[in-house]
Amino acid sequence: MSNNPIGIFDSGVGGTSIWKEIHLQLPNEHTIYLADSINAPYGSKGTDKITELSVKNTEYLLKKKCKLIVVACNTATTNAIAYLRKTYDVPFIGIEPAIKPAALSTKTNAVGILATKGTLSSALFSKTSGRFASHIKVIEREGKGIVELIENGKLYSDEMKALLVQYLTPMLNANIDYLVLGCTHYPYLMPILLELLPKNVKIIDSGAAVARQTKAVLIENNLLNTEITKPKLKFYTNGSVDVMASLLGEHLNVEYLKF
């Protein structure tokens, strides 16, 4: 089992930001990445549909004998991971917005959260926010349209910049000193965000923490691949191969897969 791949899925290309962190911390591990771009964004769908799509992705990865599955999507985690863990006998790693470190570290007592509608309206997000951020001001903004622009290869467009200015302005007016990225597509916005935000505002995403948790769970379950061999890195998308390849780099091969 330890030589089997780690499975990773997202509602598109965004979860490749998580894959990069996992590959950095676990360079020997074989991985299979599944981008369900045809159904992106999950954030605008209801819990039942998000769960149905998460099941479809999980079952494909299990057919490929994945030993652990990373749900590299905040919306799928907050809406479907409890069902997945109850239904399938394989470890699942989820992702939720890193509101805890932001709430514990803020000096201005104000943090911003940019996330999808599906994440912000979920019970899991509400529970986490209530537990760690009840004593501070939390400015939530739904990043409507961001995922679609990234999936369509318009990451550095004027349209994207205009959207971000619109979403960030209320946060800056509230004097935030932390911005939490609540969608795995959003780390790809980092160059634009650094340009738009004052230097005192720190940006937090969950990638490195997810990779650390993945490693910990592999060790705990005796699933860590200890063989030092060249890993097999598979990337599949049912959307644009070119968009995904542009984010990963030309040295990695992306294949189209209808699923």
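In the block above lies the structure referred to throughout.
Anyway, here's the lowdown on the structure attached to this text. (Residues numbered from 1 in each chain as written. Predicted model: local features only at pLDDT ≥ 70, side-chain atom pairs only at ≥ 80, totals over all residues. Heavy atoms only, no water.)

1. Section: helix α8 (residues 158-173)
Item 1. Spanning 16 residues, α8 covers 22 Å between terminal C-alpha atoms, matching the ideal 22 Å at 1.5 Å per step.
Item 2. The axis of α8 is deflected most strongly, by about 30°, at Tyr167, and proline Pro170 appears within four residues downstream.
Item 3. Taken as a whole, α8 has its buried residues at Met160, Leu163, Leu164, Tyr167, Leu168 and Met171.
Item 4. Following α8 by one or two positions, Asn175 adopts a phi angle in the positive range, close to 65°. (Helix = DSSP H or I, 4+ residues; strand = E, 2+ residues; numbered from the N terminus. Expected span 1.5 Å × (residues − 1). Bend = angle between axes of the 7 residues up to and from the residue. Buried < 20%, exposed > 50% of the residue type's maximum accessible area, 1.4 Å probe, protein only.)

2. Describing the nonpolar core
Item 1. Counting residues in hydrophobic clusters, the biggest one holds 52 residues, and the most contacted among them are Val70, Ile146, Met160, Leu164, Leu179 and Leu189.
Item 2. Among the elements that line this core, the one with the most residues is α8, at 6 residues.
Item 3. Taken together, domain 1 (6-95 + 208-256) and domain 2 (98-206) each give at least three residues to this core, which thus spans both.
Item 4. The next biggest cluster of nonpolar side chains, apart from the first, holds 21 residues, and it includes Tyr42, Tyr60, Val71 and Tyr88. (Core = buried A, V, L, I, M, F, W, Y, C linked by side-chain atoms within 4.5 Å. Domains from an automatic or database assignment.)

3. Observations regarding the side chain of His185
Item 1. Following the sequence through the fold, His185 ends up in the loop between β7 (178-182) and α9 (190-196).
Item 2. Accessibility expressed as a relative area gives 1% for His185, which makes it buried.
Item 3. For His185, the side chain forms a polar contact with the main-chain nitrogen of Gly14, separated by 3.3 Å.
Item 4. Beyond its immediate chain neighbours, meaning those up to four positions away, His185 contacts Asp10, Ser11, Gly12, Val13, Gly14, Val147, Ile150 and Glu151. (Polar contact = N/O pair within 3.5 Å; in protein donor to acceptor, adjacent residues only side chain to side chain. Contact = heavy atoms within 4.5 Å.)

4. As for the packing of aromatic side chains
Item 1. A complete count under the given rule lists 4 aromatic pairs for this structure.
Item 2. Summarising the aromatic geometry, the rings of Tyr33 and Phe235 are spaced 6.3 Å apart at their centres and angled 40° between planes, so their arrangement reads as tilted. Of this pair, Tyr33 sits in strand β2 (residues 31-35) while Phe235 sits in strand β9 (residues 233-237), and the two are 202 residues apart along the sequence. Each of the two residues, Tyr33 as well as Phe235, counts as buried.
Item 3. Between Tyr60 and Tyr236, the aromatic rings sit 6.3 Å apart at their centres with planes inclined by 80°, giving edge-to-face as the arrangement. (Phe/Tyr/Trp six-rings, centres within 6.5 Å; stacked < 30°, edge-to-face > 60°.)

5. Some details on helix α6 (residues 123-132)
Counting along an α-helix, one turn takes 3.6 residues, and residues three or four places apart therefore face a common direction.
Item 1. Taken residue by residue, α6 has Phe125, Thr128, Ser129 and Phe132 as its buried positions. What you see down the axis of α6 is that its buried residues fit within an arc of 95°, all on one side. Exposed side chains of α6 directed beyond 90 degrees from the buried face belong to Ala123, Lys127 and Arg131.
Item 2. Its buried side turned inward, α6 meets α3 (74-87), α4 (99-105), β5 (110-115), α5 (117-120) and β6 (137-142). (Arc of directions from axis to C-beta.)

6. Here we look at the sheet that holds strand β8 (residues 202-204)
Strand pairing in a sheet takes place through backbone hydrogen bonds and is either antiparallel or parallel in direction.
Item 1. The strand order across the open sheet formed by 4 strands is β6-β5-β7-β8, and the pairing between neighbours is parallel. Each edge of the open sheet is held by one strand with a lone partner, namely β6 and β8. Neighbour-to-neighbour, the strand axes of the sheet open up by a mean angle of 20°, direction not taken into account.
Item 2. Of the pairings in the sheet, the one linking β7 to β8 comprises 3 bridges and is parallel in character. If you follow Val180 over to β8, its bridge partner there is Ile204.
Item 3. Against the sheet, α8 engages β5, β6 and β7, with an angle of about 165° to β6. (Pairing = 2+ DSSP bridges. Axes fitted to C-alpha atoms, helices over the stretch in contact; angles between N-to-C directions.)

7. Some remarks on the sheet that holds strand β3 (residues 68-71)
Item 1. Taking strand neighbours across the sheet as the criterion, the 6 strands line up as β4-β3-β1-β2-β9-β10 in an open arrangement whose pairing is parallel. Both edges of this open sheet fall to β4 (92-93) and β10 (254-256), since each of them pairs with a single strand only.
Item 2. Of the strand pairs in this sheet, β9 and β10 are connected by 3 bridges, and their pairing is parallel. From the neighbouring strand, Phe235 faces β10, where its bridge partner is Val254.
Item 3. Packing against the sheet, helix α10 (residues 207-220) makes contact with β1 (6-10), β3 and β4, and its axis sits at approximately 160° to β3.
Item 4. Lying over the sheet, helix α11 (residues 241-248) contacts β2, β9 and β10, oriented at roughly 165° with respect to β10.

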